[in-house]
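# Fold and geometry: a report
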Amino acid sequence: MTIARFWRETPRRYNLGGSRCSVCTTVYFPPRTVCPTCTAHRQSLGKMEPFQLSGEGEVVTFSIVHEPAEGFEMQVPYALAIVKAVEGPLLTGQVVNVVPEEVKIGLKVHATFRKLREEGAAGVIHYGYKFAPKEEAGTGPRAGREAEPAPTPALSPDPSRARA
Amino acid sequence: MQNMNAGIVSYGVYVPRYRITPAEIGQVWGVDGAAMGQGLNIERKSVPAPDEDTITISTEALRVALLRAKIDPQEIGALYVGSESHPYAVKPTATIVAHAVGATPHLTAADYEFACKAGTAAIQTCLGLVRSEMIRYGVAIGTDTSQGAPGDALEYSASAGGGALVIGRENVIATVNHTVSYTTDTPDFWRREGQRYPSHGGRFTGEPAYFRHVSECAKSMFQAAGTTTKDYTHVVFHQPNGKFPRRIGTQLGFTDDQMKYGMVTPRIGNTYSAAALIGLANVLDHAKPGERILVVGYGSGAGSDAFDLTVTDALAGYNRSIGLPVQFFLDGGVELSYSVYAKFRGKIDMGEA
Ligand SMILES: [Zn+2]
């Protein structure tokens, strides 16, 4: 990806900057200029406002990547998930701070800020959002916890796991 | 003077999730790492994931700080990131962090470098700007992802973490009553441009460097503030290991009880520019209104910055439950083998030029 294109996308990559229709309150990510829900009535024209997602959401589906994309060799195997933001939109992102076995459908996550890619040792570094399990104080990762089986979230008695 | 009540409005900390023990490092180099760890009073050190660096860690810490005090990022007038591990040699860390928290474009921003005390230097700059009413809020961040050369003594302690402070005049949870510094030209630790790992003066890093500067700076604070060790409920020192701060604290006359919350290095390693800030954050996690705190940072090269703070009643209305307390990072973590650590830290030759 060119530096210019990445740079134009920084508001959404850095800050989850989406848009919200002020007529029907639907939130969109990436941002839209017209609301598909309202377009029939052309009500939303000029009524879309910038809206920043909170970064909170839950995993709706995921796959474990064993053949990494370029630049992700150090992180294999890693989880790539579709996350439903609490505001509604679906986002795709890597889930970090977790062993892939612990990623489950229904896992509560929040957005984190991470390096996405580096253009070699001399090139620009791209940053943006990824997701991490939502840690509550007192229930966080303890040393050695990864050796134990993770509790299965109530929403996913039988997670169907795709293997890439 | 109302503006002299400026101080800390909010704070946030982030420490990467991975840990490695001195024993695990030592077995690679044929050294009794466990004994080394005991000597340094370091049980484990934090290790950043391959996709974490000073920019991402700073951003995570600052986001928590902004949420806790519900600060509109557009009200930030200055943002400084102190580090000796800025990802770019040229291109500021501060601009990316500012953008990532939504503080751009109407602010001044810069990166600070002064070994481990770049973060405390940033606090002083922010205090000046806030007290003179040039800005409403200033952000001072200290973050590092430092590395020691493989097998070097520093490899047992150099870790990663970040602390962010928002400095302002309104809803101040800890007033900065005084700040003083002590600075000399001392070649105890350095890294030349283009060198991957730092060099240090061995035993020269102790007495003439850390101990002299921290002790002289603390003494000039006692003089400036008219205080003695007994006036402080808590004390925080820069902590390159768990041994130095305890020794200087005892020398100055502080008790273990005064030092207990400020000591974080034994559980996460030496986070360099972040060490004093994370120690302070842990104190603030436990502090009560009216308590007085002494912070003495240290940076090689060399200098110390000291802060005399008083926790205010505004702490009652401050939401410390947002984000994670420092204790979470002290307790938590996932231990790595040396081989995975070496991979994460780029110590394995991947055959690239
Ligand atoms: Zn609409």
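Residues numbered from 1 in each chain as written. Chains lettered and ligands numbered in written order. Predicted model: local features only at pLDDT ≥ 70, side-chain atom pairs only at ≥ 80, totals over all residues. Heavy atoms only, no water.

## A closer look at the overall build of chain A
What chain A contains, in helices and strands, is two helices and nine strands. Reading chain A from its N terminus to its C terminus gives the helix and strand order α-α-β-β-β-β-β-β-β-β-β. Evaluated residue by residue, chain A yields a buried proportion of 41% over its 164 residues. Within chain A, contacts between residues at least 6 apart in sequence are counted, and of these 55% link residues at least 24 apart. (Helix = DSSP H or I, 4+ residues; strand = E, 2+ residues; numbered from the N terminus. Buried < 20%, exposed > 50% of the residue type's maximum accessible area, 1.4 Å probe, protein only. Contact = heavy atoms within 4.5 Å.)

## Some points on the overall build of chain B
What chain B contains, in helices and strands, is 12 helices and 14 strands. Here chain B holds 353 residues, and the buried ones make up 61% of them. Nonlocal contacts in chain B, meaning residues at least 24 apart in sequence, comprise 79% of its contacts between residues at least 6 apart. Total accessible area on chain B is roughly 12,800 Å²; 51% of this is exposed by carbon and sulfur atoms. (Areas by Shrake-Rupley, 256 points an atom, 1.4 Å probe, with all protein chains shown as cover.)

## Regarding the sheet that holds strand β2 (residues 27–28) of chain A
All names here are of chain A. Taken in spatial order, the three strands of this open sheet run β2-β1-β3, and their pairing is antiparallel. Bordering the open sheet on either side are β2 and β3 (48–52), each of which pairs with just one other strand. Relative to β2, strand β1 (residues 17–21) runs antiparallel, the two sharing two bridges. Bridged to Ser19 within β2 is Tyr28. (Pairing = 2+ DSSP bridges.)

## Remarks on the sheet that holds strand β14 (residues 334–335) of chain B
Residue and element names in this part refer to chain B. Spatial ordering of the open sheet is given by β3-β2-β14, a layout of three strands whose pairing is mixed. Edge positions in the sheet fall to β3 (45–47) and β14, since each has one partner strand and no second. Note that strand β2 (residues 18–20) and β14 share two bridges and pair parallel. Counted as the bridge partner of Arg19 is Glu335 from β14.

## Let's talk about the coordination of the zinc ion
Residues and elements named next belong to chain A. Within the first shell, the zinc ion binds the protein through Cys21 (SG), Cys24 (SG), Cys35 (SG) and Cys38 (SG), at distances of 2.3 Å. In this structure, the zinc ion is surrounded by four donor atoms whose angles at the metal cover 106 to 113 degrees, and the resulting shape is tetrahedral. Taken in sequence order, the residues that donate to the zinc ion follow the motif C-x2-C-x10-C-x2-C. Residue Cys21 is located in strand β1, and its partner Cys38 is located in the loop between β2 and β3; the two are separated by 17 residues in the primary sequence. (Donors = N, O, S within 2.8 Å, 3.2 Å for Na, K, Ca; no water. Tetrahedral: all angles 85-135°; square planar, octahedral: opposite > 155°, others 65-115°.)

## Here's the deal with helix α1 (residues 22–29) of chain B
Residue and element names in this part refer to chain B. Here α1 has its buried residues at Pro22, Ile25 and Gly26. Take α1 and look down its axis: the buried residues cluster within an arc of 100 degrees, on one side only. Those residues of α1 that are buried lie in contact with β2, α2 (33–40), β3 and α12 (338–344). Immediately downstream of α1, the backbone of Gly30 shows phi near 70 degrees, a positive value. (Arc of directions from axis to C-beta.)

## Regarding the domain arrangement of chain B
Residue and element names in this part refer to chain B. By the assigned domains, chain B splits into domain 1 (7–173 + 326–344) and domain 2 (174–315). Each of domain 1 and domain 2 has a C-alpha centre, and these two points are 16 Å apart. Taken together, the contacts link 57 residues of domain 1 with 53 residues of domain 2. Summed over both sides, the interface of domain 1 with domain 2 buries roughly 4,300 Å², with 60% coming from carbon and sulfur. Sorting the residues of domain 1 by area buried against domain 2 places Cys116, Ile173 and Leu330 first, and these three jointly supply 15% of that buried surface. (Domains from an automatic or database assignment. Buried area = accessible area lost by both parts, 1.4 Å probe.)

## Brief notes about the domain arrangement of chain A
Residues and elements named next belong to chain A. In terms of domain boundaries, chain A breaks down into domain 1 (17–52) and domain 2 (56–144). Each of domain 1 and domain 2 was reduced to a C-alpha centroid, and the two centroids are 27 Å apart. Taken together, the four residues of domain 1 in the interface contact five residues of domain 2. When the two sides are added together, the surface that domain 1 and domain 2 hide from each other amounts to roughly 350 Å², 73% of it contributed by carbon and sulfur. On inspection of domain 1 and its partner domain 2, the count reaches zero salt bridges. Here domain 1 is connected to domain 2 by zero residue pairs in polar contact (both at pLDDT 80 or more). Taken together, the residues that form the side of domain 1 that touches domain 2 break down as four nonpolar, no polar and no charged. (Salt bridge = Lys/Arg side-chain N within 4 Å of Asp/Glu carboxyl O. Polar contact = N/O pair within 3.5 Å; in protein donor to acceptor, adjacent residues only side chain to side chain. Nonpolar A, V, L, I, M, F, W, Y, C, P; charged D, E, K, R; others polar.)

## Brief notes about the interface of chain B and chain A
Of the residues lining the interface, 31 residues belong to chain B; the matching set on chain A comes to 29 residues. Summed over the three residues of chain B that lose the most area to chain A, namely B:Arg17, B:Asp51 and B:Phe328, the buried surface amounts to 25% of that side. Our count for the chain B to chain A interface comes out at three salt bridges. Applying the counting rule to chain B against chain A returns 12 residue pairs in polar contact (both at pLDDT 80 or more). Every element with two or more residues in the side of chain B that touches chain A is listed here: α3 (54–68), α4 (93–100), α11 (326–331), β14 and α12 of chain B. The residue inventory of the side of chain B that touches chain A, partitioned by class, reads 15 nonpolar, six polar and 10 charged.

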